[in-house]
Structures are given as C-alpha cells and as structure tokens.
Amino acid sequence: MRQVSSDDVGSVAWPVLFRGPERVGWRFSDRTAQRQAFGEKRPVWDGEPMRPAGTVVPAALLPLACGFLGGVTPQVLDDSDSLHRQLERVQLDARGRSDDARLISRVTFALILVGGVLWWLVASVYAWFHHGSASSFWITMLWAAGLAVLTAVVVGKAWLGLVRWLTSVVSSSWRLSYQRHEQQAREWDARREQFENNETSRLASISDWITARLPRSVTRVSVVGDNTYGCEALLTVMCASILASGGSTTVLDLTGDIVVGELVEGAREAGYRVAFRLLPTELADVDLLAGMADKQVVQLLVEARHGGQEKADLGVRGVDEGLLTTTIAVLSPGGLSMGRIAAALRVAMHARARDTDETLLSLAERSALRRAFSDEYRRQVLANLRDLEAMANPLSAMGTGDVSPLEGQLRVLSMSSEWTSAKTDFLSDLLVGWAAQQVIDNPLAVPTLVVTAADRLAARHLDRLSDLCERRGVRLVAMFRKFEETTARMTGRGEIAFMRLNDPQQATRAADYIGREYKFTVSQTCTTVGGQDTHSIANNVSYTDSSGETRGRGTNHSRTRGDNSGASWNSKVPKTSNTSRTKGWSESDTRSWNRTRSWGTTVSDATTKSWSDSETRQRVHEHRVDPEVIKNLPDYAMLLVESTSDGSPKSIRLVELNPEIAMLDADPAGRRDAIKATEMWSPG
C-alpha cells in the first residue's frame with residue numbers, strides 16, 4: 001500500500017510543485033478513454049476441409065465426400081466444441097449410411113432375380129424361334145438366386161467398407177482444418193497480448209492530469225469566489241509554476257487571512273528568493289515611499305485619500321494636492337517618511353505638538369511650515385489638514401525600523417488578520433498605489449501582479465491599475481470575494497474563473513454571466529484487465545471537520561441592609577443604618593475549529609491465467625451551469641471560462657487546484673492510479 005498524505009507536503013510536494021509550465025491548476029483526464037482497441041478480429045473457424053496427406057481422394061472431390069458425411073461446412077463455427085460436434089455429425093451420418101447397406105443388398109438381390117427371369121424369357125423365345133429346347137425355369141432361377149445372394153453380400157460389404165473409409169478421410173480433414181484454426185487463434189492471441197501490453201505501457205506513461213495552462217498572452221485573469229482554501233491553493237499552484245518557469249511575482253494579499261502563507265513557505269523551501277512583509281505588523285520594516293519623487297508621493301497620497309469616492313470632489317482633491325505639495329516641498333531636502341509628513345501636517349495646522357515632532361522635524365522645517373500658510377488660509381483648509389494628518393499619522397511607524405529593499409523572485413505584501421479599520425483600508429489603497437508606481441517605473445520587475453480581495457479596493461484604483469498593466473504588458477490576476485455589479489464590470493476583460501459562491505444572489509448572477517446553456521462534465525471510468533496481469537486500484541479522499549462553541553453568561557446581585565437603634569429611648573448608642581449592594585456579570589465565549597484531510601491510494605497486482613477485458617463507464621456528473629452548482633463547488637475546484645477571440649463559443653472547464661495533485665502526477669506509482677475526479681460532489 002502506498003499512502004500520500006498531507007504530512008508529506010513539506011518533504012515531497014514542494015520540489016514537484018515548483019515545476020513548469022505556467023498553470024492555474026489541472027484538469028482530470030481519464031487516460032483509459034485513450035486506450036485503443038485491438039483492431040484485428042478474432043479468427044473464426046471457416047469450416048474449409050483440408051486434404052489429409054496420403055489419401056487417394058482428389059482435392060476436388062473432398063467437398064463431395066464431406067457433403068456425403070456431415071455436410072460441406074460445420075453448423076456451429078464460433079463454439080469451442082465446433083470440431084466435436086462436427087465429428088459427431090460425421091459419425092451420425094456414417095451410421096445412417098451404413099444402415100443403407102441392407103437396402104442396397106436387397107435391391108441388388110432383387111435386380112439379379114429380375115435379371116434371371118428376363119434371361120429365362122429371352123432364352124425361351126430364342127429357343128422357340130430356332131426350334132431348340134429351352135432351359136428349365138426353376139434351374140435358371142436357382143442359378144439367379146445363388147448369384148443374387150453372392151452379389152448382395154459383396155455389394156453390402158463393399159458399401160460398409162466405403163463408408164468407413166470415407167468417414168476416416170472426412171474426420172481427418174475436419175481435424176486438420178480445426179488444427180489450422182487453433183494455430184491461427186494462438187497467433188491472434190499472441191498478437192493481442194502484445195498489443196495490450198504495449199497499450200498498458202503507453203497508458204502508464206500518460207498522466208491522469210492535464211495541465212490547465214496559463215498562456216503568457218493572457219494579461220488579465222479575474223477569479224471570483226468566497227473560498228479561502230481555494231484562493232490559497234490557486235495562489236500556491238499558479239505562482240509556484242510561474243517561479244519555476246523563470247518568472248517573478250508580486251502579490252498584494254489584502255484578505256487578512258494570509259492566504260499566501262503556503263506559497264511563501266514552499267518558495268523558501270524550494271530555494272527561491274522571497275521578500276515577505278506582514279502589514280501593519282511589520283510596517284516599520286517597509287518604506288513604500290522609498291525611491292519616489294515628490295510629485296509621485298503627492299499623487300500616491302491623494303489617490304489613497306480619494307480613491308474610494310465614486311466621484312471625487314475636484315475642489316477638495318485640488319486643495320489636498322496643494323497642501324501636500326507645499327508640505328512635501330519643505331520636507332524633501334531632509335527626506336520623506338510617513339512620520340515626518342504627519343508631523344509636518346500637525347505643525348502646519350498649529351496643532352499640539354508631540355514629543356516626537358521635534359526629533360522628526362528640524363527647527364528650520366517647523367518655521368518654514370508655519371510660514372507656508374497664512375492664518376486665514378489655514379482656517380479655511382483646517383479640515384483638509386486634519387483629514388490628511390488623520391490619514392498619515394497611523395502609518396507614522398513606516399520605514400522607522402530595519403528597512404531592506406523589497407527584492408526577490410517572490411515579493412509579498414500581506415495584510416494581517418486585524419479587524420478592518422480606516423488604517424488598514426488606507427494602507428490597502430496605499431499598497432495598490434505603490435504597485436501601480438512599480439508598474440510605471442519598471443514593468444520588467446513586475447511581470448505578474450496578483451491582488452487578492454480586490455473588491456475591497458476602489459473601482460477607480462483597480463481600473464487604473466488594470467489599464468497600466470495592460471499597456472505595459474504586465475499580467476494582472478485580480479481575485480474577488482464577491483460577484484456584485486461593480487465586480488462584474490471590473491471582470492469584463494480577460495479570462496475569468498469562478499469558485500464557490502455561497503450567496504444565492506451572487507451565484508445566480510455568476511450563472512447568468514457565464515451562460516446557463518453551457519455544460520461541463522465529470523466522468524468516472526473503471527477498467528479491469530485480466531490475463532497476465534490484473535491491476536486493482538483504490539483511492540480515498542477523506543475530510544474531517546469539527547467545530548465547537550461554548551458560551552456562558554452569568555449575573556448575580558446581592559443586597560444587605562442593617563439597622564441599629566438604641567435599647568431604650570434614652571440610650572446614647574447612636575442609631576445607624578448600613579446598606580450594601582453587590583452586582584457581578586461575567587460572559588465567556590469559546591470557539592474551536594479543526595479540519596483534517598487525507599489522501600490514500602492502494603495498488604495491488606495479481607497474476608491470472610484466463611483472459612478477461614471488461615470496461616464500465618459511468619457519467620457521474622453532467623451539469624448545466626446553474627446557481628446551485630456554483631454554490632456547491634468543492635473547495636479545490638473552479639469553473640474556468642475560456643473565451644475566444646475568433647467569435648467561437650466559449651468553453652467551460654472544471655479545473656482542480658489541490659496542490660497535492662502535483663505530487664500524485666509526478667510519482668511514478670501515481671501514474672498507475674485510476675484516480676477518479678478529485679472530489680465527487682453533487683449540487684444540493
């Protein structure tokens with residue numbers, strides 16, 4: 001038994017996963033469907049008699065002899081008992097012909113007696129005309145009877161001898177004919193066995209998985225799906241093949257789930273240069289403003305500030321651009337950083353200075369900033385300055401740590417799993433602006449750009465980024481979690497793929513977008529071959545999900561009150577009153593989740609003596625594109641819509657994303673596995 005489990009990924013999967021060509025996954029191909037049939041028909045006994053050696057019967061008369069005993073051709077030609085049955089027919093006919101000996105003897109006897117009578121009549125007539133004496137009738141008949149008996153016996157014996165001799169000749173002829181047929185059948189079996197062995201060897205070299213290639217000519221790929229596991233698998237499979245093909249990739253992971261974790265680990269294990277930054281956790285080690293000119297920094301901040309607005313207020317946008325241009329012009333000689341920009345904005349609006357402002361800004365810079373705006377203008381733009389400072393201040397730590405260039409074959413900027421806030425939203429827009437600037441400055445350094453959770457971005461930003469990538473030949477892979485009207489508009493160009501969409505409305509919109517007249521199939525083929533070898537394969541994929549949730553809430557109240565008064569009316573003990581209240585509240589919420597997956601394969605070989613060849617084909621799923629189908633897609637599957645440029649109908653293909661397929665595909669033993677479609681599923 002050979003087991004392939006997720007424990008093997010660290011030691012086995014990475015080397016085989018990081019192989020070309022560039023791909024988005026695999027398509028299952030039933031290699032048994034490519035098995036060619038043996039074109040030569042099995043020889044059938046034609047029943048043609050053969051002349052035995054040493055017989056005196058001419059070849060031309062042999063069919064007459066066979067027709068005399070048993071018939072010219074056998075009645076059953078495709079039965080293993082054809083010869084036996086034919087010989088039985090010969091013996092049966094021979095017995096019938098032997099029984100005819102009595103009749104022939106009697107006929108001979110009668111004919112001789114009739115001849116004797118005729119002889120006596122002729123002799124009597126002759127004697128009468130010549131006045132001679134005629135022979136006695138009884139003497140003549142006596143001689144005729146004796147001759148008749150003798151002739152009848154001889155003829156009967158001769159007939160029986162002829163039948164026995166012909167039986168021997170015909171039986172030998174049929175045996176020789178059948179022996180020739182058996183020799184032809186053995187030669188046919190040998191040719192068929194050789195052909196089947198060659199076919200088995202040929203199919204063993206064919207993988208069950210066909211690479212779903214990602215052509216270099218495709219510069220825009222949109223993936224839609226609310227499926228974290230599928231997103232992680234697609235990133236791993238696609239980017240691994242790009243790196244293995246000699247390319248490089250820049251990934252902006254905006255999901256907050258760090259779906260690039262598996263890719264980063266695998267790339268490092270495979271020996272690729274990886275630059276990974278987790279934001280905002282490692283914000284101090286990243287400087288997104290490094291290498292940018294003053295104007296580029298201004299454009300970056302303004303776009304991040306107003307990108308989320310469908311229609312930006314041109315007046316407010318112009319004011320912000322002017323404020324940032326003036327501020328950055330003052331700061332530029334001393335270097336630009338997000339912390340210095342935030343401090344400069346506080347100085348410009350005469351806000352309360354912070355302890356770090358004096359270390360970030362020099363006295364001359366602070367003086368220049370105070371003089372840059374008049375008091376009246378400052379009052380008019382105070383709201384703009386406040387908004388810009390609120391935007392820049394949370395990112396003041398950017399670039400203050402051990403900053404190293406973001407260089408490598410795989411560059412990843414990933415948002416951490418912190419709760420969504422204005423800081424993370426602005427940082428996401430800032431990352432997209434940084435990526436756009438990278439495409440503008442050096443598109444060769446960004447051959448492939450991947451953006452996850454792209455629907456979190458402003459439509460203007462994504463459209464701008466898409467236009468830049470298209471004009472400069474940069475492949476853009478945008479991954480969306482939702483399929484809403486805005487998303488449908490943004491995914492209108494290039495290739496598009498759909499993962500599982502849990503929302504019914506989004507699934508319906510996706511089905512309408514693809515076209516409900518399209519179909520895709522998942523087939524299962526089982527083939528059993530017997531003879532010299534019998535192969536038996538069993539595969540199993542098992543998932544285990546467990547979750548638990550415990551909640552508790554408790555509230556307690558207590559109240560104590562006591563009164564004390566003197567024992568008598570004239571008691572000097574003062575009267576007292578004491579009241580105390582206690583209130584407690586507690587709440588606990590515990591959740592746990594666990595998911596395991598195992599993939600097992602069993603292969604057994606046995607030797608048999610009989611030949612059998614049976615094939616069973618069952619179409620497991622044939623689906624028309626439907627919302628229920630999209631809602632129930634497996635974790636590691638997506639529908640790839642392949643459009644055409646010549647106007648021909650597009651095709652819908654089911655693509656598998658499980659990274660472990662690379663390990664099964666590369667394992668020589670795995671090539672013999674009759675792997676069924678990876679996840680057997682049904683809608684509903």
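Let us look at the structure shown here.

Rules used in this analysis
- Residues numbered from 1 in each chain as written.
- Predicted model: local features only at pLDDT ≥ 70, side-chain atom pairs only at ≥ 80, totals over all residues.
- Heavy atoms only, no water.
- Buried < 20%, exposed > 50% of the residue type's maximum accessible area, 1.4 Å probe, protein only.
- Helix = DSSP H or I, 4+ residues; strand = E, 2+ residues; numbered from the N terminus.
- Arc of directions from axis to C-beta.
- Contact = heavy atoms within 4.5 Å.
- Polar contact = N/O pair within 3.5 Å; in protein donor to acceptor, adjacent residues only side chain to side chain.
- 1 Å grid on protein atoms, 1.4 Å probe; cavity = no way out; pocket = protein on both sides within 12 Å on 5 of 7 lines; lining within 4 Å.
- Points joined across faces, edges and corners; volume = space filled by probe spheres on them.
- Nonpolar A, V, L, I, M, F, W, Y, C, P; charged D, E, K, R; others polar.
- Axes fitted to C-alpha atoms, helices over the stretch in contact; angles between N-to-C directions.
- Parallel < 35°, antiparallel > 145°, perpendicular 65-115°, else oblique.
- Left-handed = near helix turned anticlockwise from the far one by under 90°.

Because each turn of an α-helix spans 3.6 residues, side chains separated by three or four positions in sequence point in the same direction. Within helix α17 (residues 504-514) the residues assigned to the buried category are Gln506, Ala507, Ala510, Ala511 and Ile514. Along the long axis of α17, the arc covered by the buried residues comes to 140°, so they all point the same way. Of the surrounding secondary structure, the elements contacted by the buried residues of α17 are β10 (495-498), α18 (627-631), β15 (637-642) and β16 (651-656). Of the residues that open α17, the one with a side-chain oxygen 3.1 Å from the backbone nitrogen of Gln505 is Asp503. The positive-phi residue at the C-terminal boundary of α17 is Gly515, with phi of around 115°.

Our focus in this paragraph is empty space enclosed by the protein. With the rule as written, the count across this model stands at 2 cavities of 30 Å³ or more. The volume enclosed by the largest cavity comes to roughly 120 Å³. If you trace the largest cavity, you find 13 residues lining it, with Gly225, Asn227, Cys231, Phe480 and Arg481 closest to the centre. Those elements that provide at least two residues to the lining of the largest cavity are α5 (228-244) and β9 (475-480). Its residues placed into classes, the lining of the largest cavity shows 7 nonpolar, 4 polar and 2 charged.

Two measures define how a pair of helices packs: the angle their axes make with one another and the distance between the axes. Two elements in contact, helix α8 (residues 314-331) and helix α11 (residues 363-372), have axes whose closest approach is 10 Å; the angle formed by their N-to-C orientations is 155°. Classified by the interaxial angle, the pair formed by α8 and α11 is roughly antiparallel. As α8 runs across α11, the sense of the crossing is right-handed. Facing α8, whose interface residues are Thr326, Thr327, Val330 and Leu331, α11 presents Glu365, Ala368, Leu369 and Ala372. Broken down by class, the residue content of the contact of α8 with α11 amounts to 5 nonpolar, 2 polar and 1 charged.

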